[in-house]
Amino acid sequence: MTQDPFIAHRSLLFTVAYELLGSAADAEDVLQESWLRWADADRSQVREPRAYLVRIVTRQALNRLRTLSRSREEYVGEWLPEPLLTSPDVAEDVELAESVSIAMLTVLETLGPTERAVFVLREVFAMPYGEIGEAIGKSAATVRQVARRAREHVAARQPRVRVSRAEQRAVVERFLLALRTGQLQELLEVMAPDVVLVADGGGIVAAALAPVHGAVPVAKLLTRANQVADAFELTTVWLNGSPAGRIEIAGEPTTVSVAVENGRVSRIYIVRNPRKLTRLDEPAELTR
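The present account deals with the structure reproduced in this document.

Analysis parameters
- Just so you know, the residues in each chain are numbered from 1, in the order the chain's sequence is written.
- Reporting in this predicted model follows two pLDDT cut-offs: at least 70 for local features of residues, and 80 or more for side-chain atom pairs to be given and counted; totals over whole chains, interfaces and linings ignore these cut-offs and use all residues.
- Derived side-chain values reflect all non-hydrogen atoms in the structure, with water molecules and hydrogen atoms excluded from consideration.
- Strands are runs of DSSP state E lasting at least two residues, helices are runs of H or I lasting at least four, and both sets are numbered from the N terminus onward.
- This radius of gyration counts C-alpha atoms alone. The globule rule is 2.2 Å times how many residues there are, raised to the power 0.38.
- Throughout, exposure labels follow a simple rule: accessible area from a 1.4 Å probe, protein chains only, divided by the maximum for the residue type, with under 20% read as buried, over 50% as exposed, and the rest as partly exposed.
- Working rule for contacts: check all heavy atoms of both residues, and any pair within 4.5 Å makes them a contact.
- Working definition of accessibility: Shrake-Rupley area with a 1.4 Å probe, residue cover restricted to the visible protein chains.
- For the charge count, each Lys or Arg is scored as positive and each Asp or Glu as negative, with His and the chain ends excluded.
- Lys charges are placed at NZ, Arg charges at CZ, Asp charges at CG and Glu charges at CD.
- At least two bridges found by DSSP between two strands are what make those strands a pair.
- To get an axis, fit a line to the C-alpha atoms, keeping to the stretch in contact for a helix; angles then go from 0 to 180 degrees between the N-to-C directions.
- Within 6.5 Å between ring centres, the rings of Phe, Tyr and Trp (the latter by its six-membered ring) count as paired, and their orientation is classed by plane angle as stacked under 30 degrees, edge-to-face over 60, tilted in between.
- Two thresholds decide whether a charge sits over a ring: the Lys NZ or Arg CZ must be within 6 Å of the ring centre and within 35 degrees of the ring normal.
- Here, nonpolar core refers to any group of buried Ala, Val, Leu, Ile, Met, Phe, Trp, Tyr and Cys residues whose side-chain atoms link them within 4.5 Å.

### A look at the overall build of the chain
Logical step 1: Each helix and strand in the chain was counted, giving 12 helices and 6 strands.
Logical step 2: Computed over the C-alpha atoms, the radius of gyration of the chain is 20 Å, within 12% of the 19 Å expected from 2.2 N^0.38 for a compact globule of 288 residues.
Logical step 3: With the C-alpha coordinates aligned to their principal axes, the bounding extent of the chain is approximately 65 × 35 × 35 Å.
Logical step 4: Relative to its 288 residues, the chain shows a buried fraction of 49%.
Logical step 5: Sequence separation of at least 24 residues holds for 69% of the intrachain contacts in the chain that already meet a minimum separation of 6.
Logical step 6: Put simply, the chain shows about 14,100 Å² of open surface, and 49% of that area lies on carbon and sulfur atoms.
Logical step 7: Computed over 35 positive and 38 negative side-chain charges, the inter-centroid distance for the chain is 5 Å.

### Quick word on the environment of Ser257
Logical step 1: For Ser257, the position within the fold is in strand β5 (residues 252-261).
Logical step 2: According to the relative accessible area criterion, Ser257 is buried, its value standing at 7%.
Logical step 3: Along the primary structure Ser257 and Val271 are separated by 14 residues, whereas in three dimensions their C-alpha atoms are 8.6 Å apart.
Logical step 4: Those residues in contact with Ser257 that sit more than four places away from it in its chain are Ile102, Leu239, Ala244, Arg267, Ile268 and Tyr269.

### Section: the sheet that holds strand β1 (residues 191-200)
Logical step 1: What the 6 strands build is an open sheet, ordered β2-β1-β6-β5-β4-β3; its pairing is mixed. Both outer strands of the open sheet, β2 (212-213) and β3 (232-239), are each paired with one neighbouring strand and no more.
Logical step 2: In terms of strand pairing, β1 meets β2 through 2 bridges, oriented antiparallel. Bridge pairing links Val196 to His213 in β2.
Logical step 3: The sheet contacts of helix α10 (residues 165-181) involve β1, β3, β4 (242-249), β5 and β6 (264-271), and relative to β3 the element is tilted by about 165 degrees.

### Section: the packing of aromatic side chains
Two descriptors summarise a pair of aromatic rings, namely the distance from one centre to the other and the angle between the planes of the rings.
Logical step 1: Counted by the stated rule, this structure contains 3 aromatic pairs.
Logical step 2: Arranged with centres 5.8 Å apart and planes meeting at 55 degrees, the rings of Trp38 and Tyr52 form a pair that is tilted. One end of the pair, Trp38, is in helix α3 (residues 24-40); the other, Tyr52, is in helix α4 (residues 49-73), with 14 residues separating them in the sequence.
Logical step 3: Owing to a relative accessible area of 1%, Trp38 belongs among the buried residues under this scheme.
Logical step 4: Judged by its relative accessible area of 25%, Tyr52 falls in the partly exposed class.
Logical step 5: Here the guanidinium or amino end of Arg122 rests over the ring plane of Tyr129, the centre of that ring lying 4.1 Å away.

### A look at the pairing of β6
Logical step 1: With respect to burial, β6 is a largely interior element, 6 of its 8 residues being buried.
Logical step 2: Bridge count between β1 and β6: 6 bridges; the pairing is parallel. Each residue of the ladder has a partner; that of Val198, found in β6, is Tyr269.
Logical step 3: Pairing between β5 and β6: 7 bridges, direction antiparallel. Following the sheet pairing, Ser257 is matched in β6 by Tyr269.

### Quick word on the nonpolar core
Logical step 1: One finds Phe14, Leu108 and Ile136 to be the most contacted residues of the largest nonpolar core, which totals 51 residues.
Logical step 2: Listing elements by their share of this core, those giving two or more residues are α2 (10-21), α3, α4, α6 (102-108), α7 (113-124), α8 (129-136) and α9 (140-155).
Logical step 3: Broken down by element, the residue count for this core peaks at 8 residues, all from α2.
Logical step 4: Setting aside anything within four residues of it in sequence, one finds Leu108 in contact with Glu19, Arg116, Phe119, Val120 and Val154.
Logical step 5: Ranked by size, the runner-up nonpolar core spans 25 residues in total, among them Val172, Leu187, Val212 and Val258.

Taken by themselves, the reported measurements are silent on function.
Take a look at the structure:
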């Protein structure tokens, strides 16, 4: 028996849904809905199952994204994407690793649903404009215009210079060591002067409700958190295709992801919302 195309392309479909939604739980729901539609489809009319399935998933993800927009507006504190445990192999595909990074997913949150879908399908998955248009119900000409605007929007919010994997890893390890030991001066040295820390507690656990700006305030916040924690265990893990930190505080997990520019940490993303930390024990399968 040949494998069902949905099963064969499941990792790809999950990656598409996750990049559009920033939530693995919502991505799984979208895949369930898409499977039902695929099961009812007339397979004899499907010439390219992969493209057909991506269109189904995109439409369902857009529907979900529009539904979620209000709840995210009412979210307590800052909303960050759900971090995923990944294998180091994901980092081998530089474009994929960048597209699923917490930093990129956070930037994608600033796009509208249509712009986000166009950007992801075009820039990450290299889909033709015509196919994207079929997925979102727009003409190819309109998709081209949307893609240009989305690229400009994202480029304005990304680092101008891409760092190498070796530099990224070295800076992250240095930062995590300083965080583990709680040394204020070492934290100040590894962070950019204008570093920004964003934390997501979802109103469930303690976390900064607004971004914290500047190396000194961020360093003081991090060292204070280290000092007040009864049990502070930090290990290096791979999250969203990049080295990151997993902290166990009194048995409860917290993740720390960073963006690196010019040899220093420029942004810090801390996820403490327990509802977003349920997938840290088994690597997610992400692919293009």
